[in-house]
Amino acid sequence: MTGHSPHSATAVRHQLPHDQLVDFLHHEIGKAGTGAIAVLILELRLANRMDVLTGSISMQAIKGYTDQCLDNLLRVADRYTNFSGEQVCLVLPGLANKDQGELAAIKIISELQKPFTIGEYRVILRPHIGIANFPELGHDAGKLLMYADIASRIAATDEQGYHVYGLDDHVETGSYSDLAIELDKAIKTNDLRVNYQPQIDVKTGRCVSAEALVRWTAPGQREISPGILVNIAESSGLLNPLTLMILNTALRHTAAFSAAGVDIGMSVNLPPRMLADEELPQIVQQSLDIWGVPAGNLTLEITEGSIINNSSSLAMLSRLRELGISLAIDDFGTGYSSLAYLKQFPAQELKIDIIFVRNIHKSRGDRQLVRSIIDLAHNFDMITVAEGVEDQKTYDLLQDLGCDVVQGFLFSRALTDTDFIDWYRQRN
Ligand code: C2E
Ligand code: CA
Ligand code: CA
């Protein structure tokens, strides 16, 4: 490894197991007069995913490198833990003021974005960091983690690569516990909406299916982003009823579409955590039965990261497949799975993430990556769906690369059920 000069012999180990980091944060918050604490969520985004996908570089080697960088950069009192292969949480206690968290983030980003090599491979990370400051944001460790997580998602689209959670962001999430109460109410009173984004078959140019996307405007708020909505549901025990409600609404509309002569497939996003619910296959079967939708018309979309190295999730996927429904791997390319893992998944569809699709007309590397993903998916008898197609040029390129299905603003945003039928009739 080069590009960084670790003094590993003397470096302090700052890494803690996952649960101990939260305890550590509790403890530091409880200490009187500790000064400021910064909670950082660091997302390591691998630029050259192809090498991990093909198994040329192991994710462990990359983690070994980043852990060593952090051990060298951090102060004695700082601690961190790896939440997942791509996400690190850091707690920096005893800071003189809140600006120090920001300085630490700048230091970490500038160090981790230096290219390094593993074996003969050059590795490039595009790290970004979300920051939540104590005591500004209160004394609740869980909330500080959540705020840092939200900030990291904002940082993902921010030029400087980091974002400090602030009052403006607060407006979007409102008061966390209040939102959970509102969400509970909204699920019970059917106040959430589900909209449908068309998916177009590249060969025929016809709309063959739709993706169900949830929409919610909480009382007195702007529309809550679906990502935050699912997060709130997860941490307040509402994930199961939320998913059930979305699945049922989507299947009810699939039946209504069919009655209106719009016979299409329906894709529904399944939060990874739902895979741990032993009753999931029964729930899905019941919903299909209630609305009389053939199993073959339903696809469940699951993010790639959630299925990696998890044998019980894989077993659940097989049980779902036995119902006759299809499975799609969502956001493919953003996690760290090697393409070799792909053949273990009983999936029929691979969704290529928007971050690659967006740049194919500018970046040869991304074009190459998309081509490899498509070829590989075809080798495993999977179809490929490209998301985020916004212009004709991108569409033409995807067609050249052999992509099967596309979805994006070029065709339509997600539409209400009635608008969807109108849109479909005009197009098909
Ligand atoms: P996703 O599953 O990757 O969904 C695609 C997202 O890309 C949607 O954002 C969609 O509106 C957006 N999109 C589609 N075409 C384009 C395009 O051409 N350009 C751009 N810039 N964006 C495009 P949305 O609806 O905000 O959803 C964001 C994420 O929230 C989804 O990502 C999914 O992970 C989650 N989500 C949305 N609805 C649901 C749901 O019903 N259940 C669950 N579990 N998660 C959901
Ligand atoms: Ca999706
Ligand atoms: Ca996606």
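If you're wondering where the values come from, they're calculated on a predicted model, not measured in any experiment. (Residues numbered from 1 in each chain as written. Chains lettered and ligands numbered in written order. Predicted model: local features only at pLDDT ≥ 70, side-chain atom pairs only at ≥ 80, totals over all residues. Heavy atoms only, no water.)

(A) Layout of the site of ligand 1. Around ligand 1, the surrounding shell holds 20 residues, and the nearest of these are Gln197, Arg215, Asp330, Glu390 and Phe409. At 2.9 Å, a side-chain N or O of Gln197 approaches a nitrogen atom of ligand 1. Contacts to ligand 1 include Asn269, whose side-chain N or O atom sits 3.2 Å from an oxygen atom. Taken by itself ligand 1 offers 790 Å² of open surface, and the protein chains cover 78% of this. Among the secondary structure elements, those contributing two or more residues to the shell around ligand 1 are strand 9 (207-217), helix 8 (226-235) and strand 13 (326-332). (Near = heavy atom within 4 Å. Polar contact = N/O pair within 3.5 Å; in protein donor to acceptor, adjacent residues only side chain to side chain. Areas by Shrake-Rupley, 256 points an atom, 1.4 Å probe, with all protein chains shown as cover. Helix = DSSP H or I, 4+ residues; strand = E, 2+ residues; numbered from the N terminus.)

(B) Representation of helix 13 (residues 364-379) in the model. Taking 1.5 Å of rise per residue, the 16 residues of helix 13 would be expected to cover 22 Å, and the 22 Å separating its terminal C-alpha atoms lies within 8% of that figure. Every buried residue of helix 13 is accounted for by Asp366, Leu369, Val370, Ser372, Ile373, Ile374, Leu376 and Ala377. The backbone nitrogen of Gly365 lies 3.3 Å from a side-chain oxygen of the residue at the head of helix 13, namely Ser363. A positive phi of about 60 degrees marks Asp381, the residue just after helix 13. (Expected span 1.5 Å × (residues − 1). Buried < 20%, exposed > 50% of the residue type's maximum accessible area, 1.4 Å probe, protein only.)

(C) Main features of the domain arrangement of the protein chain. In terms of domains, the protein chain is made up of domain 1 (18-173) and domain 2 (176-427). Between domain 1 and domain 2, the C-alpha centre-to-centre distance is 29 Å. (Domains from an automatic or database assignment.)

(D) A look at the coordination of the calcium ion (ligand 2). Summarising the metal site, the calcium ion (ligand 2) is bound by the protein donors Glu211 (OE), Asn269 (OD1), Glu301 (OE) and Asp330 (OD), whose distances to it range over 2.1 to 2.3 Å. Mapping the donors of the calcium ion (ligand 2) onto the primary sequence yields the spacing E-x57-N-x31-E-x28-D. Taken as an interatomic distance, the gap from the calcium ion (ligand 2) to the calcium ion (ligand 3) is 4.2 Å; Asp330 donates to each of them. With Asn269 in strand 11 (residues 265-269) and Glu301 in strand 12 (residues 298-303), this residue pair connects regions lying 32 residues apart in the sequence. (Donors = N, O, S within 2.8 Å, 3.2 Å for Na, K, Ca; no water.)

(E) Just the coordination of the calcium ion (ligand 3), in detail. Taken together, Asp330 (OD), Asp331 (OD), Glu387 (OE) and Glu387 (OE) make up the protein donors of the calcium ion (ligand 3), found 2.1 to 2.6 Å from the metal. In primary-sequence terms, the residues that donate to the calcium ion (ligand 3) follow D-D-x55-E. Residue Glu387 is classed as buried on the basis of its relative accessible area, which comes to 12%.

(F) Structural view of the packing of aromatic side chains. As enumerated under the stated definition, the model contains six aromatic pairs in all. Judged by centre distance (5.6 Å) and plane angle (70 degrees), the ring pair of Tyr395 and Phe411 falls under edge-to-face. Pair noted here: Tyr395 is in helix 14 (residues 392-401) and Phe411 is in the loop between strand 16 (405-407) and helix 15 (417-427), with a separation of 16 residues, a long-range link. A residue is classified by how much of its surface remains accessible, and Phe411, at 14% relative accessible area, is buried. Grouping aromatic residues by their ring pairs yields a cluster made of Tyr196, Phe257, Phe420 and Trp423. Stacked on the ring of Phe409, the Lys or Arg Arg413 has its end atom at 3.8 Å from the ring centre. (Phe/Tyr/Trp six-rings, centres within 6.5 Å; stacked < 30°, edge-to-face > 60°. Lys NZ or Arg CZ within 6 Å of the ring centre and 35° of its normal.)

(G) Spotlight on a positive patch on the surface. Positive charge collects at one region of the surface, where Arg45, Arg126, Arg358 and Lys362 lie side by side. Mapped onto the elements of the fold, Lys362 is located in the loop between helix 12 (354-357) and helix 13. (Patch = residues over 30% accessible without salt bridge, like charges linked within 9 Å, V, L, I, M, F, W, Y side chains within 5 Å. Salt bridge = Lys/Arg side-chain N within 4 Å of Asp/Glu carboxyl O. Lys, Arg positive; Asp, Glu negative; His and termini not counted. Charge placed at Lys NZ, Arg CZ, Asp CG, Glu CD.)

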